[in-house]
Amino acid sequence: MERILIEGLDLTGKTKLCENLVNEHPNEFEYKKSFYSENNDLYFEAVKKSKLGIYSEMAIAWMYIAAAEYELDMQEKLKEIKNNKTIIQDSFFLNRMIGFHGVKDRKLLLMEIRALISQFEKPSQTFYLYTDIFTRQKRYYEREKVKTPAIGDKLVFEDKDVSSKREKILRDLMIEYYDSKIIDTSLIEPKELSEKVYRKIRKK
């Protein structure tokens with residue numbers, strides 16, 4: 001099963017890109033918001049607890065790691081599924097954890113996360129989206145009109161320094177491990193972005 005990963009921090013245009021690729025080329029692509037996590041109750045419980053702030057950050061981190069262990073088993077089953085379409089995956093939570101915990105330099109936790117990432121089959125292609133802080137702030141206000149922004153979204157106002165450090169750590173991982181294609185989405189319209197990414201996908 002061929003899979004393309006679209007990665008990046010919040011407000012960089014990942015979900016819109018995934019949706020546009022599938023809408024524009026429905027016979028070629030299938031969109032998976034969480035891919036391995038779609039049937040992972042432990043993952044969704046970790047997300048819920050994280051948003052409620054009930055447990056400590058470390059407790060939540062180990063819940064996510066347990067969820068990833070479960071997904072490793074699921075990966076083997078998914079390999080057996082025949083699919084003529086290419087899967088477009090919107091981010092992967094272990095990658096985002098590297099950015100989150102890397103800022104706080106939690107070395108042992110980071111080693112565990114990296115070890116898990118290395119056990120997952122790499123996507124056939126990976127695209128990393130980023131944008132400047134001011135564009136992300138503008139997109140925050142646009143998102144606020146239609147839904148409640150995620151916890152990570154608020155960093156573009158509350159702590160720009162942490163947000164920038166997290167972005168660099170995640171970007172470095174995507175270059176080092178995934179050999180990701182890097183795209184600045186600051187000055188590009190969604191349709192133009194999807195056309196650009198599609199051309200790159202087909203060039204491979």
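Heads up: the structure comes first, above all this text.
Quick look at the structure, then. Everything quoted here is computed from the prediction, not taken from an experiment. (Residues numbered from 1 in each chain as written. Predicted model: local features only at pLDDT ≥ 70, side-chain atom pairs only at ≥ 80, totals over all residues. Heavy atoms only, no water.)

### A short note on the sheet that holds strand β5 (residues 181-184)
Line of reasoning, step 1. Taking strand neighbours across the sheet as the criterion, the five strands line up as β2-β3-β1-β4-β5 in an open arrangement whose pairing is parallel. Edge positions in the sheet fall to β2 (29-32) and β5, since each of these pairs with one other strand and no more. Strand-to-strand twist in this sheet, taken as the mean axis angle between neighbours without regard to direction, amounts to 25°.
Line of reasoning, step 2. Two strands pair when backbone bridges link them, and strand β4 (residues 125-130) and β5 are joined in this way by four bridges, in the parallel orientation. Residue pairing for β5: Phe127 is matched across the bridge by Lys181. (Pairing = 2+ DSSP bridges. Helix = DSSP H or I, 4+ residues; strand = E, 2+ residues; numbered from the N terminus. Axes fitted to C-alpha atoms, helices over the stretch in contact; angles between N-to-C directions.)

### Examining the nonpolar core
Line of reasoning, step 1. By size, the foremost hydrophobic cluster in this structure holds 31 residues, and its most contacted members are Tyr64, Phe92, Phe93, Leu94, Met97, Ile113 and Ile117.
Line of reasoning, step 2. Of the residues forming this core, the biggest block, eight residues, is contributed by helix α3 (residues 57-79).
Line of reasoning, step 3. When sequence neighbours within four positions are dropped, the list of residues in contact with Tyr64 reads Tyr43, Ala46, Val47, Ser50, Phe93 and Met97.
Line of reasoning, step 4. Judged by nonpolar contacts, the second largest core, of 16 residues, contains Cys18, Val22, Leu129 and Leu193. (Core = buried A, V, L, I, M, F, W, Y, C linked by side-chain atoms within 4.5 Å. Buried < 20%, exposed > 50% of the residue type's maximum accessible area, 1.4 Å probe, protein only. Contact = heavy atoms within 4.5 Å.)

### Some thoughts on empty space enclosed by the protein
Line of reasoning, step 1. Counted according to the given criterion, the structure contains one cavity of 30 Å³ or more.
Line of reasoning, step 2. Around the largest cavity, the lining residues are Arg3, Leu5, Tyr36, Phe92, Ile117, Phe120, Glu121, Lys122, Pro123, Tyr177 and Tyr178.
Line of reasoning, step 3. When grouped by side-chain class, the residues that make up the lining of the largest cavity number eight nonpolar, no polar and three charged. (1 Å grid on protein atoms, 1.4 Å probe; cavity = no way out; pocket = protein on both sides within 12 Å on 5 of 7 lines; lining within 4 Å. Points joined across faces, edges and corners; volume = space filled by probe spheres on them. Nonpolar A, V, L, I, M, F, W, Y, C, P; charged D, E, K, R; others polar.)

### Some thoughts on the packing of helix α4 (residues 93-103) against helix α8 (residues 160-178)
Line of reasoning, step 1. The contact between α4 and α8 brings their axes to 8 Å, and the two run at 135°. It follows from the interaxial angle that α4 and α8 lie oblique. The way α4 lies across α8 gives a crossing that is right-handed. Residues Asn95, Arg96, Ile98, Gly99, Phe100, Gly102 and Val103 of α4 lie in contact with α8, whose contacting residues are Val162, Lys165, Arg166, Ile169, Leu170, Leu173, Met174 and Tyr178.
Line of reasoning, step 2. Looking at the contact of α4 with α8 residue by residue, the classes come out as nine nonpolar, three polar and three charged. (Parallel < 35°, antiparallel > 145°, perpendicular 65-115°, else oblique. Left-handed = near helix turned anticlockwise from the far one by under 90°.)

### Side note on helix α2 (residues 41-52)
Line of reasoning, step 1. Taking 1.5 Å as the rise per residue, α2 with 12 residues should run 16 Å; its terminal C-alpha atoms sit 17 Å apart, in good agreement.
Line of reasoning, step 2. For α2, every residue scored as buried is listed here: Tyr43, Ala46, Val47 and Lys49.
Line of reasoning, step 3. One side-chain oxygen of the residue at the start of α2 lies 3.2 Å from the amide nitrogen of Leu42, identifying that residue as Asn40.
Line of reasoning, step 4. Phi turns positive one or two residues past the end of α2, at Gly53, with a value near 70°. (Expected span 1.5 Å × (residues − 1). Polar contact = N/O pair within 3.5 Å; in protein donor to acceptor, adjacent residues only side chain to side chain.)

### Thoughts on the packing of aromatic side chains
Line of reasoning, step 1. Under the criterion given, the structure shown has nine aromatic pairs.
Line of reasoning, step 2. When the ring of Tyr140 is compared with that of Tyr141, the centres are 6.0 Å apart and the planes differ by 85°; the resulting orientation is edge-to-face.
Line of reasoning, step 3. Overall, Tyr140 belongs to the buried group, its relative accessible area being 9%.
Line of reasoning, step 4. Residue Tyr141 is classed as partly exposed on the basis of its relative accessible area of 47%.
Line of reasoning, step 5. A network of ring pairs unites the aromatic residues Tyr43, Phe44, Tyr64, Phe92, Phe93 and Phe120 as a single cluster.
Line of reasoning, step 6. Positioned over the ring face of Tyr177 is Lys122, at 4.2 Å from the centre of the ring. (Phe/Tyr/Trp six-rings, centres within 6.5 Å; stacked < 30°, edge-to-face > 60°. Lys NZ or Arg CZ within 6 Å of the ring centre and 35° of its normal.)

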